[in-house]
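# Commentary on secondary and tertiary structure
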Amino acid sequence: MKKGGKIMPYPVFKDNREFIKALEANNDLVTIQQEVDWDLEMGAIVRRVCEKKSASPYFKKIKDYPNFEALGAPLATYKRLAIAMGMNPDASVPEISNEYVKRTTGDPIKSILVDKKKAPCKENIWIGKDADLFKLPGPMVHDGDGGRYLATWHFVVSKDLETQAVNWGMYRQMVFDEKTMVGPVLPFSDMGKMFYGKYVPKNKPMPFATVIGCDPLSGVAACAPSPIPEDQFTGMLMGKPVELVKCETCDLEVPAHAEIIIEGEVIPNLLIEEAPFGEYTGYRTSPREPRTVYRIKAITFRNNPILTVSNMGVPTDEGQLLRSFSLGLEMRKLLESQGIPITGVYMLPESTHHMVVVGVKPIYSNIATQIANLIFGSKLSPWFHMVIVVDEETDIYNKDDVIHALATKCHPIRGIRKYEHAVGTPLYPFANPDDRKWSRGAQVLFDCTFPLDWPKSDLPIKVSFDKVYPKEIQEKVLKNWKNYGFKD
Amino acid sequence: MARKEYDTFVLTDLQLLPEDKEMEVIIRDLTPADRRYKYRSTFAMAMVSKSESKYPDLLWVRLGRGQLQEKPWSIKVIKEVNKIHEA
């Protein structure tokens, strides 16, 4: 934030370690002193934490890896997101959303480069032969996965060959052997466009750096589909510049306070089988198939590094929560930039960021179609395929209210518009194998607004406590609620 | 000496894993001497059989989405192939 022309930081955390302390102070951390096996046990604990919305597990002893620790499910709840943003842990979703939009609407804050001596991520450096991926406690996250996924809550730094633009993005990485990782890089993703569009045609390897255990807001930024460079976006969320440091083997820069950095090159014209993996949709959908290859050159890390572990599966994990959160808010910015009279946009994390709910004041006919056309026309649309447009009397943050509107206001024929020939992803469980292979999708709009041409006298009246009782009766009932004997 | 154990993924059809024929396959080491190297993958020239006892080592087979087949096969690893360096 800027005060009198001076940048004022928000009360946020410079690294993962400060964040862990904050989770503990807010009773949102379980420190596990008992030894835990990286082979499925750790993954099973994190999975159960996600499904029960429990506190983050902090693993102090990992079998076979005495000098490493791990933090599970670092941002799998809105409470932890609020803590990460330095807000009241009990802040509501609209409050967190408004704060996020406020912070990320101003001027980008450029990162600063620090000396290697001041960068904790350089406390230990393995180069060449010493750089061995099996020396890191990459977990076997789910039984049946294609390998150990070292990178589940992390980001990959890469640079455009022509424009030198830097990208931070979350691309999962499976350990293949000591020096090799593999993972999907979809052609429409930012890194996919860089690598497959520019490096591969010139048969040039692309330098990369995988950042594991970053401060929480760098992770949020790496998930966010904003056009602002992610390091600057992180600065906006923090209210201060991110501190970066040069890599050892390439000219990329990485957060100085991260726990583990893996440096290397993405190899052109070579694919190796990757997957299956339990994915954010809650299924193992994309099959094992030849995918992008990363060869490593160096590993640098802090003393006693803390690996961050996410476990994708049925809701809610951080991928679903943060991706839903930031995708929804990018759609809000898009619709507001076009002057559409929306009341808000929310993506239900339980929909695994497949469903966008838009609240609108329906002041002209077919406004829902206009909204869907804008949203489905965005470059982010391959990640979701359902738009639900509701009027202002529906609370977009309330699942029950949205389901009620969908089931009662959306006409089964006139209210549904289908969009064919859309861009999809191989991860859609409903797509057939051929559609998955070619990233083909389809999209649908559910218009849950009543048509404007209906006479007012024909409009159904919503029967709810706050709609069909006079104000004075509502106030009387609320005032006496506990006196009646109710405890809630 | 205990038999070594590996596993491999067959994308759709077990017919893609022909028996008693020298072929290239990706296998994962399930019983390395140093446990930290469990699940290390490698390209190998090998021969496999549905018979659990025909070849020296055990081979567990999984389908493309991780489904483990009930009974193990057996495998003879002839040599590792360094396809990545060859690329």
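Quick look at the structure, then. None of these values were measured; they are calculated from a predicted model.

### A closer look at the sheet that holds strand 14 (residues 243–246) of chain A
Residues and elements named next belong to chain A. On the basis of which strands lie adjacent, the open sheet formed by three strands has the order 6-14-15 and mixed pairing. Single-partner strands in this sheet number two, and they are strand 6 (112–113) and strand 15 (253–255). Sheet analysis places strand 14 next to strand 15, joined by three bridges and oriented antiparallel. Within strand 15, the position partnered with Lys246 by the bridge is Glu253.

### Side note on the interface of chain A and chain B
Taken together, the contact between chain A and chain B spans 19 residues of the former and 19 residues of the latter. Secondary-structure elements contributing two or more residues to the side of chain A that touches chain B are strand 11 (173–177) and strand 16 (260–274) of chain A. Considering each element in turn, the side of chain A that touches chain B owes the most residues, three residues, to strand 16 of chain A. Taken together, the residues of the side of chain A that touches chain B sort by class into seven nonpolar, four polar and eight charged.

### Here we look at the pairing of strand 13 (residues 206–212) of chain A
Residue and element names in this part refer to chain A. Most of strand 13 sits out of view: six of its seven residues are buried. The pairing of strand 9 (residues 154–159) with strand 13 spans four bridges and is classified as antiparallel. Paired with His154 across the two strands is Ile212, which belongs to strand 13.

### With respect to the environment of Ala224 of chain A
Residue and element names in this part refer to chain A. Note that Ala224 resides in the loop between helix 6 (216–223) and helix 7 (230–238). Sequence-wise, Ala224 and Phe325 are 101 residues apart; in three dimensions their C-alpha atoms are separated by 8.5 Å. Setting aside anything within four residues of it in sequence, one finds Ala224 in contact with Phe233 and Ser326.

Definitions and cut-offs
Residues numbered from 1 in each chain as written. Chains lettered and ligands numbered in written order. Predicted model: local features only at pLDDT ≥ 70, side-chain atom pairs only at ≥ 80, totals over all residues. Pairing = 2+ DSSP bridges. Helix = DSSP H or I, 4+ residues; strand = E, 2+ residues; numbered from the N terminus. Contact = placed C-beta atoms within 7 Å. Nonpolar A, V, L, I, M, F, W, Y, C, P; charged D, E, K, R; others polar. Buried ≥ 20, exposed ≤ 12 C-beta atoms within 10 Å, placed from the backbone.

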